[in-house]
Amino acid sequence: MIAELEESGAKLAALAEENAGLQAQLLTQAREAGVLAERQRLAREIHDTIAQGLTAILTQLEAAEGTAGDAGAVRARLDAARAMAKESLTEARRSVQALRPAPLHEAQLPAALREVAAAWSRSTGVPVAVSVTGDSRPLHVEVESTLLRVAQEALANAGKHAGAARVGLTLSYMEDVVALDVRDDGRGFDPANPGATDGGFGLVAMRQRVTRLAGDLTIETAPGQGTGVSATVPAIPAGSVS
Ligand SMILES: Nc1ncnc2c1ncn2[C@@H]1O[C@H](COP(=O)(O)OP(=O)(O)OP(=O)(O)O)[C@@H](O)[C@H]1O
Ligand SMILES: [Mg+2]
């Protein structure tokens, strides 16, 4: 009897030890998952605020150098570079404070997209046609921020890589989802092998942002065929969940 009790006591102790080990393992895994998610979030924020801004500023400075002494053109490029530096600084500060992107602080998504597209068009010289369809309504801040960031990166890519003559941006409000489509008529690329020279993160960040909201991102492109970026996310109303 005593021997049996001792045996089951030992079994219980072994089980408790195993349990504690599993719990510690789970905690470590949860912590690692949290660290990874936070690192990915920071990478997206840095890419979409600081890196995108620095790239745009560099482009303006290079264009200023290439104006062959035309003082007016140099001035215009420097003014654009200064404005972009200011905007990026504001955006980086807002991101650190976990505030919504500046264009969405000042306006709702359709107007914010029009403003971003117009600014992009001014700095690249490429016309953008913006259209908004359906019942436009305020959506959850995460939904609006995600679509704004996707639009900014799709436009940044069209400016950097596409050599496009024109771009179309469409925002479609449907019953359950809202869709953003950015289409350029530029050189396109092989989506299976995007060929970024310095480890591009824009497309990855776009996909992460959309997937986080259980949305869907589609890139339609082929060399010589232009590029279409479509993001569809649930149309969660503003203020409905935290
Ligand atoms: N609209 C486009 N037209 C042509 N090529 C594109 C377009 N968008 C993306 N690409 C190609 O896909 C690659 C990956 O794009 P991605 O946005 O991930 O990286 P990146 O723009 O090179 O760098 P980053 O976004 O990190 O500054 C680009 O380097 C480019 O070759
Ligand atoms: Mg990019």
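Residues numbered from 1 in each chain as written. Chains lettered and ligands numbered in written order. Predicted model: local features only at pLDDT ≥ 70, side-chain atom pairs only at ≥ 80, totals over all residues. Heavy atoms only, no water.

**Q** Is there a simple way to think about the site of ligand 1 in this case?
**A** Around ligand 1, the structure places 17 residues, and the nearest of them are His-47, Asn-157, His-161, Pro-194 and Phe-201. The backbone of Pro-194 places a nitrogen or oxygen atom 2.8 Å from an oxygen atom of ligand 1. Leu-203 has a polar backbone atom sitting 2.9 Å from an oxygen atom of ligand 1. Isolated, ligand 1 exposes 600 Å² of accessible area, and the fraction of that covered by the protein chains is 88%. Where the shell around ligand 1 is concerned, the elements lending two or more residues are α5 (141–162) and α6 (202–212). Of all the elements, α5 adds the most residues to the shell around ligand 1, at six residues. Its residues assigned to classes, the shell around ligand 1 shows seven nonpolar, seven polar and three charged. (Near = heavy atom within 4 Å. Polar contact = N/O pair within 3.5 Å; in protein donor to acceptor, adjacent residues only side chain to side chain. Areas by Shrake-Rupley, 256 points an atom, 1.4 Å probe, with all protein chains shown as cover. Helix = DSSP H or I, 4+ residues; strand = E, 2+ residues; numbered from the N terminus. Nonpolar A, V, L, I, M, F, W, Y, C, P; charged D, E, K, R; others polar.)

**Q** Just to check I follow, could you spell out the sheet that holds strand β5 (residues 227–234) for this structure?
**A** Pairing between the strands of a sheet comes from backbone hydrogen bonds, and it takes one of two forms, parallel or antiparallel. The strand order across the open sheet built from five strands is β1-β2-β3-β5-β4, with neighbouring strands paired in mixed fashion. Each edge of the open sheet is held by one strand with a lone partner, namely β1 (128–134) and β4 (216–221). Going across the sheet, the axis of each strand differs from the next one's by a mean of 10°, ignoring polarity. Here α6 sits on the sheet and contacts β4 and β5; the angle it forms with β4, its principal contact strand, is near 145°. (Pairing = 2+ DSSP bridges. Axes fitted to C-alpha atoms, helices over the stretch in contact; angles between N-to-C directions. Contact = heavy atoms within 4.5 Å.)

**Q** Sorry, what's going on with the pattern of salt bridges here?
**A** Side chains carrying opposite charge are able to pair once their charged atoms draw close together. On inspection of all chains with the given rule, the structure shows 10 salt bridges. Here Glu-45 makes a salt bridge to Arg-209, at a shortest N to O gap of 3.1 Å. One end of the pair, Glu-45, is in helix α1 (residues 2–65); the other, Arg-209, is in helix α6, and 164 residues separate them in sequence. Here Glu-45 matches Arg-209 in class, with each residue buried. The partner of Arg-212 in a salt bridge is Glu-142, and the shortest N-O contact between them spans 3.3 Å. Of this pair, Arg-212 sits in helix α6 while Glu-142 sits in helix α5; the two residues are 70 residues apart in sequence, bridging distant segments of the chain. (Salt bridge = Lys/Arg side-chain N within 4 Å of Asp/Glu carboxyl O. Buried < 20%, exposed > 50% of the residue type's maximum accessible area, 1.4 Å probe, protein only.)

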